[in-house]
Amino acid sequence: MGFHVNETQFNTWLTEQCKHYDIYAPKRYAGGNTFSDVDCIRYGKVGSIQEIVFDQKSEYSFKEVLTPISQTLFFFTEDQCKEADPPKKGAIIFLRSCDLHALKRLDDMYLGNGPADYYYQRIRDNIKLVLIGCKHSFESCFCVSMGTNLSENYDMSINAGEGIYELNCKDAGWNQFFLDLGASRNFVVPDQVHENSTVVKIPENLTADVARASIWEQYNKRCINCGRCNFVCPTCTCFTMQDLYYAENAKVGERRRVWASCMVDGFTDVAGGGSYRKKNGERMRFKVLHKVLDYKQRNGYHMCVGCGRCDDVCPEYISFSHCVNKLEDAMKEVTK
């Protein structure tokens, strides 16, 4: 069912939902970027429509809601353990089409890749999704190339206008709420992007043989293994485990799950001092081929959703999309 609502009506809905859900959406953090005089758009709790940023792409993804950067799993003492409490409320997440597709990838990794991850599952079971319509493509986006520009699996969509918001509501309870508010009923289709300025072409003949190509060597010097590309990516899921011991009693503490990155030093270190990928070019090769080759071989679709955040955040101006577009020549090199 579709509605046209004004700011007051939408904020009334938000106020009601805040009783049962934490509302997460892209919001502006003044001076919160790498440089203190630059704002940052990232996910955070909101309580009004005015806080939600619709006209800019969030620099960080929604995945912080489902997989916190640092997440306590349980507390321990000398003779017992206590599971960390789950969030007290469910979550409503405002996200764009590419991120909605990224959620499917997270589900694959945490719920379908072996036994379901308990800590992810208990949060995932209590979320609702609001699709933010995209009126236009942002500079580095290539969602059309990745087939993630269109989405259907949402509870409600929202197109932002000047004081009027167009809603396509699939949730029966929310439908009734807006009807009771006297919202104007209209036919609404989520705004969708059908063309990006950035176009990516993944070779149809791409195989693991491309790992032998020379293109990866350039990243040995260009990449500084900061891991930013992984941390902003909505489909990266790697983490490490840390035991935190309290200063008052070294036998008491907590176990945390903390984000990790395949691009940083030490990620592939193993017992005995070995390391699978010491060079940055090897790490770049692993990341790229995981996103556009082996994941698809297992699941039937690419892991990368074309949000372009990795291109935006890299301090060395390494473009993931440009790297993917070099794979065709790389395949020619290894199949001569």
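Whatever comes next refers back to the structure up there.
What you are looking at is a predicted structure, and each value in this text was computed from that prediction instead of being measured.

**Q** So what exactly am I meant to see when it comes to the sheet that holds strand S12 (residues 249-259) here?
**A** Sheet strands pair via backbone hydrogen bonds, and the direction of the pair is either parallel or antiparallel. Spatially, 4 strands are ordered S5-S4-S12-S11 in an open sheet, and the strand pairing comes out antiparallel. The strands lining the two open edges of the sheet, one partner per strand, are strand S5 (81-83) and strand S11 (239-246). In this sheet, neighbouring strand axes are inclined to one another by 30 degrees on average, regardless of whether the strands run parallel or antiparallel. As paired elements, S11 and S12 share 8 bridges and run antiparallel to each other. Bridge pairing links Thr240 to Val258 in S12.

**Q** Got a minute to help me understand the side chain of Ser157 in this structure?
**A** Positionally, Ser157 belongs in strand S8 (residues 156-160). What makes Ser157 buried here is its relative accessible area of 0%. When sequence neighbours within four positions are dropped, the list of residues in contact with Ser157 reads Leu131, Glu166, Leu167, Asn168 and Pro190.

**Q** Even after reading the chapter, I still don't get the sheet that holds strand S6 (residues 90-95), so can you show me in this structure?
**A** With mixed pairing, the 8 strands of this open sheet are ordered in space as S3-S2-S6-S7-S8-S9-S1-S10. Each of the sheet's edge strands pairs with one partner strand only, and the pair in question is strand S3 (40-45) and strand S10 (184-185). Sheet topology note: the S8/strand S9 (residues 164-169) ladder contains 5 bridges and is antiparallel. In the strand pairing of S9, Ser157 is matched with Asn168. Here helix H1 (residues 7-17) sits on the sheet in contact with strand S1 (2-6), strand S2 (21-29), S6, S8 and S9, set at roughly 100 degrees to S1.

**Q** Would you mind going over the nonpolar core with me for this structure?
**A** A general trend in soluble globular proteins is that nonpolar side chains are found buried together. If you look at the biggest cluster of nonpolar residues, it comprises 30 residues, and the most contacted ones within it are Val210, Trp216, Val288 and Leu327. Of all the secondary-structure elements, those providing two or more residues to this core are helix H9 (280-299), helix H11 (320-325) and helix H12 (327-334). If one sorts the elements of this core by residue count, H9 sits on top with 5 residues. In this view, Val210 contacts Trp216, Leu289, Leu327, Ala330, Met331 and Val334; residues no more than four positions away in its chain are not counted. One finds Ile23, Val46, Met156 and Ile158 within the second-largest nonpolar core, a separate group that totals 25 residues.

**Q** Sorry if this is basic, but what is going on with helix H3 (residues 97-112) here?
**A** In an α-helix, one full turn covers 3.6 residues, which means residues spaced three or four apart are oriented alike. A rise of 1.5 Å per residue sets the reference length of H3, with its 16 residues, at 22 Å; its end C-alpha atoms lie 22 Å apart and thus fit the reference within 8%. Most of H3 sits out of view: 12 of its 16 residues are buried. Residue Gly114 follows H3 closely and has a positive phi angle near 100 degrees.

**Q** Can you walk me through the layout of surface pockets in this structure?
**A** The gaps of empty space that remain are located by a probe, the size of a water molecule, rolled over the atoms. Each pocket or cavity is described by its volume, and for the largest pocket that value is around 710 Å³. Counting residues per element, the ones that place at least two in the lining of the largest pocket are helix H8 (228-232), helix H10 (309-313) and H11. Among the elements that make up the lining of the largest pocket, the one with the highest residue count is H10 (4 residues). When the residues that make up the lining of the largest pocket are grouped by side-chain class, the tally is 11 nonpolar, 9 polar and 7 charged. Taken as a whole, the second largest pocket encloses approximately 320 Å³ of empty space. What lines the second largest pocket is a set of 17 residues, and nearest its centre among them are Tyr24, Glu64, Val65, Pro68 and Pro87. Of all the secondary structure elements, the ones that give two or more residues to the lining of the second largest pocket are S2, S3, helix H2 (63-66), S6 and helix H4 (118-124). Element by element, the count of residues in the lining of the second largest pocket is highest for S3, at 3 residues. In terms of residue class, the lining of the second largest pocket is made up of 9 nonpolar, 3 polar and 5 charged.

Quick notes on the rules
- Residues numbered from 1 in each chain as written.
- Predicted model: local features only at pLDDT ≥ 70, side-chain atom pairs only at ≥ 80, totals over all residues.
- Heavy atoms only, no water.
- Pairing = 2+ DSSP bridges.
- Helix = DSSP H or I, 4+ residues; strand = E, 2+ residues; numbered from the N terminus.
- Axes fitted to C-alpha atoms, helices over the stretch in contact; angles between N-to-C directions.
- Buried < 20%, exposed > 50% of the residue type's maximum accessible area, 1.4 Å probe, protein only.
- Contact = heavy atoms within 4.5 Å.
- Core = buried A, V, L, I, M, F, W, Y, C linked by side-chain atoms within 4.5 Å.
- Expected span 1.5 Å × (residues − 1).
- 1 Å grid on protein atoms, 1.4 Å probe; cavity = no way out; pocket = protein on both sides within 12 Å on 5 of 7 lines; lining within 4 Å.
- Points joined across faces, edges and corners; volume = space filled by probe spheres on them.
- Nonpolar A, V, L, I, M, F, W, Y, C, P; charged D, E, K, R; others polar.

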